[in-house]
Amino acid sequence: FILPKINNQLQREKLLPLVEKIRSLTPDVQIQARIAISLVQNIPYGFPTVDGSEVDYTKKYPYGVIWERKGICDEKSDLLLFLLKELGFGSAALRYKKDFHRAVGIKCPDEYDVDNSGYCYVEVTTPRIITDNMSGSESAMALTDPEIIKISDGIQIEGVEAEF
């Protein structure tokens, strides 16, 4: 359910200029990954609205998140997974069924990964540091027991020990 959106040729054509823009900002791939993460985290979270009311709709493809400047966790995760894959990073979707939440895993050193998965947690709904898997300020409980869906092989993010 994720790969058809990420591997869609039209999506790729529309999103590659964004990948190239990120690459043009710095030759450092580690900073490129952090730019992609920050970009997606700073897209507002939410459902589309009409006259102030949420509407029923079909989930957007990654480009739709950019186009509408808004998305929910699944949609924003798909966008970040696409960007990380194109930038050459190992990535996975982290699906938390009991919390009805999806986040992104980026390949990282084992001592900072989620559930011995090889992937560090990346929240997509709001700006947070890599490895911060707290479910929210209301409960302040860590998200646990993710279904890990590998999306791409690639390099790992470095320097997360400072964020951890």
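These numbers come from a predicted model, not from an experiment.

Help me out: how do you make sense of the overall build of the chain in this one?
Helix and strand content of the chain: six helices and six strands. Every one of the 164 residues in the chain was classed for burial, and the buried ones make up 46%. For the chain, the proportion of contacts with a sequence separation of at least 24, taken over those separated by at least 6, is 64%. With an accessible surface of roughly 8,500 Å², the chain has 53% of that area assigned to carbon and sulfur atoms.

Can you walk me through the sheet that holds strand E5 (residues 119-122) in this structure?
What links the strands of a sheet is backbone hydrogen bonding, and the strands pair in either a parallel or an antiparallel sense. What the four strands build is an open sheet, ordered E5-E4-E3-E6; its pairing is antiparallel. Two strands lie at the open edges of the sheet, namely E5 and strand E6 (147-152), each paired on one side alone. The average undirected angle you get between the axes of adjacent strands in this sheet is 30°. Where strand E3 (residues 91-96) lies against strand E4 (residues 101-107), six bridges are found, and the strand directions are antiparallel. Paired with Tyr96 across the two strands is His101, which belongs to E4. Sheet strands touched by helix H5 (residues 73-86): E3, E4, E5 and E6. Its angle to E4, the strand with the most contacts, is close to 15°.

Any chance you could explain the side chain of Arg102 here in plain terms?
Within the secondary structure, Arg102 sits in strand E4. Assessed through its relative accessible area of 4%, Arg102 is described here as buried. Within the local environment of Arg102, its side chain forms a polar contact with the backbone oxygen of Asp74, the two atoms lying 3.3 Å apart. Discounting residues that sit within four places of it in the chain, Arg102 has contacts with Phe1, Ile2, Cys73, Asp74, Ser77, Asp78, Leu81, Ala93, Leu94, Arg95 and Val124.

I keep staring at the packing of helix H3 (residues 29-41) against H5 and nothing clicks. Help me out?
Axes are the key here: two packed helices are described by the angle between their axes and the distance separating the axes. The contact between H3 and H5 brings their axes to 10 Å, and the two run at 165°. On the basis of the axis angle, H3 is roughly antiparallel to H5. The two elements H3 and H5 cross, and the hand of that crossing is right-handed. Here H3 contributes Ala33, Ala36, Ile37, Val40 and Gln41 to the contact with H5, which in turn contributes Lys76, Leu79, Leu80, Leu83 and Leu84. Tallied by class, the residues present in the contact of H3 with H5 amount to eight nonpolar, one polar and one charged.

Where do I start with the state of the cysteines in this structure?
Joining two cysteines, a disulfide is a covalent bond between their sulfur atoms. For the coordinates displayed, the defined rule picks out one disulfide. Put simply, Cys108 and Cys120 are joined by a disulfide, and their sulfur atoms are 2.3 Å apart. The sign of the 95° torsion about the S-S bond sets the Cys108-Cys120 disulfide as right-handed. Placement of Cys108 in the loop between E4 and E5 and of Cys120 in strand E5 is noted, with a sequence separation of twelve residues between them. Note on accessibility: Cys108 and Cys120 belong to one class, buried.

Rules of the game
Within every chain, residues take consecutive numbers counted from 1 along the sequence as written. Per-residue local features are limited, in this predicted model, to residues with pLDDT of at least 70; the limit for side-chain atom pairs, both in listing and counting, is 80 or more; totals at the level of whole chains, interfaces and linings are taken over all residues. The side-chain values count all of the structure's non-hydrogen atoms but skip hydrogen atoms and water molecules. In this description a helix means any DSSP run of H or I spanning at least four residues, a strand means any run of E spanning at least two, and both kinds are numbered starting from the N terminus. Burial status follows relative accessibility: with a 1.4 Å probe on protein chains alone, a residue under 20% of its type maximum counts as buried, one over 50% as exposed, and anything between as partly exposed. For this analysis, residues touch if any pair of their heavy atoms sits within 4.5 Å. Under the convention used here, a 1.4 Å probe and the Shrake-Rupley method define accessible areas, while residue burial counts only the protein chains that appear. We treat two strands as partners when DSSP finds at least two bridges between them. Interaxial angle, 0 to 180 degrees, is taken between N-to-C directions of lines fitted to C-alpha atoms, where a helix line uses only the stretch in contact. Under the rule applied, a polar contact is a pair of N or O atoms within 3.5 Å (in protein, one hydrogen donor and one hydrogen acceptor; residues adjacent in sequence only if both atoms are side-chain atoms). Working definition: roughly parallel below 35 degrees, roughly antiparallel above 145 degrees, roughly perpendicular at 65 to 115 degrees, and oblique for all remaining angles. Each helix crossing is assigned a hand: it is left-handed if the near helix lies turned anticlockwise from the far helix by less than a right angle, otherwise right-handed if that turn is clockwise. Charged means Asp, Glu, Lys or Arg here, nonpolar means Ala, Val, Leu, Ile, Met, Phe, Trp, Tyr, Cys or Pro, and polar covers whatever is left, Gly included. Throughout, disulfides are identified as pairs of cysteine sulfur atoms within 2.5 Å of each other.

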